[in-house]
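One-letter residues, chain by chain:
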Amino acid sequence: MRLLPGAEPFFFSPAGDFDGPEASGMLLCHGFTGTPQSLRPWAEHLAARGVHVSLPLLPGHGTRWQDMQATGWQDWYATVDRELARLRERCAHVFVGGLSMGGALALRLAARHGNAVSGLVLVNPAITFPRAQGLALPVLRHLVPSTRGLISDIARPGVAESGYDRVPLHAAHSLRALLSLVRAELPQVTQPLCLLRSRVDHVVPASDAARVRESVSSVDMVEHVLEDSYHVATLDHDAERIFQMTDAFITRLATRKTARDGT
């Protein structure tokens, strides 16, 4: 099946001074109906800094929306879980970043893997499903295969997100189940957290970021408001700011852990 433009997964493992027992890695998780294209500049920035990077394409994504109908959250989570293990084989410090649903997947990894995740960088994380649509999904998904989607919620002119313009309802039903699980697991998240949210977001309500902030058990937590971007902030005006804050976050935590371990 032919992939959408930019939907290819991205993996980078540096050699030389950046490869070794104190190496840092980052797993990036894209959003629902999106593709790695939305996070590719972030991944390439990290790779240029010598960070090991994994940016997988989630099952059912990146081709045509009909392909998502046969997938669910277990498939999406299994993919990022496998990539976390892959990075753990190479790196002492592994961070996880996510956009939208990717943020929910990142939170579940943190809740379930504890110290295997060194920290989280979440951009407009989604942890709730619209109530009215959610109540209708159990029946509606058997009657209507898809509804109109929302991609390219980007303030920057001339920039588009690669993804589906239709939302497959079987997959949406599975997304709803995933978000419910993640909300219940938020108190188990103890890792340092960098939370980035757009002032204007037409996809995820501001209350989602607030709920993450209030429900996790992280002691080390910072929140930044992105003033000039919409939902897909990683392709928007604040992209460079996201990259720079990620650099600072990784450097601070990796350095602190190395000093604590005495290496």
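Now for a look at the structure at hand. (Residues numbered from 1 in each chain as written. Predicted model: local features only at pLDDT ≥ 70, side-chain atom pairs only at ≥ 80, totals over all residues. Heavy atoms only, no water.)

**As for the side chain of Thr 63**
Part 1 of the argument: Inspection of the secondary structure assignment puts Thr 63 in the loop between β3 (52-55) and α2 (73-88).
Part 2 of the argument: Non-local contacts of Thr 63, meaning those with residues more than four positions away in its chain, are made with Met 1, Arg 2, Leu 3, Leu 4 and Tyr 164. (Helix = DSSP H or I, 4+ residues; strand = E, 2+ residues; numbered from the N terminus. Contact = heavy atoms within 4.5 Å.)

**Examining helix α1 (residues 40-48)**
Residues separated by three or four positions in an α-helix point in the same direction, a consequence of the helix having 3.6 residues per turn.
Part 1 of the argument: Listed in full, the buried residues belonging to α1 are Trp 42, Ala 43, His 45, Leu 46 and Ala 47.
Part 2 of the argument: Downstream of α1 by a residue or two, Gly 50 has a phi angle that is positive, lying close to 90 degrees. (Buried < 20%, exposed > 50% of the residue type's maximum accessible area, 1.4 Å probe, protein only.)

**Description of the packing of α2 against helix α5 (residues 169-185)**
Part 1 of the argument: It is at 9 Å that the axes of α2 and α5 come closest, and there the two elements cross at 60 degrees. Relative to α5, α2 is oriented oblique. The residues of α5 that touch α2, namely those facing Trp 73, Gln 74 and Trp 76, are Ala 171, Ser 174, Leu 175, Ala 177, Leu 178 and Leu 181.
Part 2 of the argument: Of the residues assigned to the contact of α2 with α5, the class counts are seven nonpolar, two polar and no charged. (Axes fitted to C-alpha atoms, helices over the stretch in contact; angles between N-to-C directions. Parallel < 35°, antiparallel > 145°, perpendicular 65-115°, else oblique. Nonpolar A, V, L, I, M, F, W, Y, C, P; charged D, E, K, R; others polar.)

**Side note on the layout of surface pockets**
Part 1 of the argument: Roughly 810 Å³ of internal volume is contained in the largest pocket.
Part 2 of the argument: Lining the largest pocket we find 34 residues, and of these Phe 32, Pro 130, Val 167, Leu 175 and Val 203 sit closest to its centre.
Part 3 of the argument: For the lining of the largest pocket, the elements supplying multiple residues, two or more each, are α4 (131-140), β6 (146-148) and α5.
Part 4 of the argument: For the lining of the largest pocket, a count of residues per class yields 20 nonpolar, ten polar and four charged. (1 Å grid on protein atoms, 1.4 Å probe; cavity = no way out; pocket = protein on both sides within 12 Å on 5 of 7 lines; lining within 4 Å. Points joined across faces, edges and corners; volume = space filled by probe spheres on them.)

**Observations regarding the environment of Ile 242**
Part 1 of the argument: Within the secondary structure layout, Ile 242 lies in helix α7 (residues 239-261).
Part 2 of the argument: On the accessibility criterion, Ile 242 (0% relative accessible area) is buried.

**Side note on the nonpolar core**
Part 1 of the argument: Among the nonpolar cores identified, the biggest contains 45 residues, and Phe 32, Trp 76, Val 96, Leu 107 and Leu 120 are the most heavily contacted of them.
Part 2 of the argument: Mapped onto this core, the elements with two or more residues apiece are β2 (24-29), α2, β4 (93-99), α3 (101-113), β5 (119-123), α5, β8 (193-198) and α6 (206-215).
Part 3 of the argument: If near-sequence neighbours (up to four positions away) are discounted, Val 96 is found in contact with Met 26, Leu 27, Cys 29, Leu 84, Ala 106, Leu 109, Val 117, Gly 119, Leu 120 and Val 121.
Part 4 of the argument: In this structure, Leu 55, Ile 154, Leu 196 and Val 232 belong to the second largest nonpolar core, which totals 29 residues. (Core = buried A, V, L, I, M, F, W, Y, C linked by side-chain atoms within 4.5 Å.)

**Quick notes on the pattern of salt bridges**
Part 1 of the argument: Taken as a whole and assessed by the stated rule, the structure comprises ten salt bridges.
Part 2 of the argument: As a salt-bridge pair, Asp 247 and Arg 49 come within 3.6 Å of each other at their nearest N and O atoms. Of this pair, Asp 247 sits in helix α7 while Arg 49 sits in the loop between α1 and β3, placing them 198 residues apart in sequence.
Part 3 of the argument: For Arg 49, a relative accessible area of 46% translates into the label partly exposed. (Salt bridge = Lys/Arg side-chain N within 4 Å of Asp/Glu carboxyl O.)

**A few points about the sheet that holds β3**
Part 1 of the argument: Spatial strand order, β1-β3-β2-β4-β5-β8-β9: seven strands in an open sheet with mixed pairing. Two strands in the sheet have a free side with no partner beyond their single neighbour: β1 (10-12) and β9 (221-226). Taking each pair of neighbouring strands and ignoring which way they run, the sheet shows an average axis angle of 15 degrees.
Part 2 of the argument: Of the pairings in the sheet, the one linking β5 to β8 comprises four bridges and is parallel in character. Along β8, the bridge assignment pairs Leu 120 with Leu 193.
Part 3 of the argument: The sheet contacts of α2 involve β1, β2, β3 and β4, and relative to β2 the element is tilted by about 170 degrees.
Part 4 of the argument: Across the face of the sheet, α6 comes into contact with β5, β8 and β9 while running at roughly 165 degrees to β8. (Pairing = 2+ DSSP bridges.)

**What about the packing of aromatic side chains?**
Part 1 of the argument: On inspection of all chains with the given rule, the structure shows two aromatic pairs.
Part 2 of the argument: Arranged with centres 5.8 Å apart and planes meeting at 65 degrees, the rings of Phe 32 and Trp 76 form a pair that is edge-to-face. Placement of Phe 32 in the loop between β2 and α1 and of Trp 76 in helix α2 is noted, with a sequence separation of 44 residues between them. For the residue pair Phe 32 and Trp 76, the accessibility class agrees, reading buried in each case.
Part 3 of the argument: When the ring centre of Phe 11 is taken as reference, the NZ or CZ atom of Arg 86 above it lies at 3.5 Å.
Part 4 of the argument: For the cation-ring pair, Arg 108 lies above Tyr 77, with the distance from its terminal atom to the ring centre recorded as 5.1 Å. (Phe/Tyr/Trp six-rings, centres within 6.5 Å; stacked < 30°, edge-to-face > 60°. Lys NZ or Arg CZ within 6 Å of the ring centre and 35° of its normal.)

**Here's the deal with unusual backbone geometry**
Part 1 of the argument: In the Ramachandran plot, Thr 33 falls in the positive-phi region, its phi being about 65 degrees despite a non-glycine side chain.
Part 2 of the argument: Residue position: Thr 33 is located in the loop between β2 and α1.
Part 3 of the argument: In this structure, Asn 124 is a non-glycine residue whose phi angle is positive, near 45 degrees.
Part 4 of the argument: Relative to the helices and strands, Asn 124 is located in the loop between β5 and α4.

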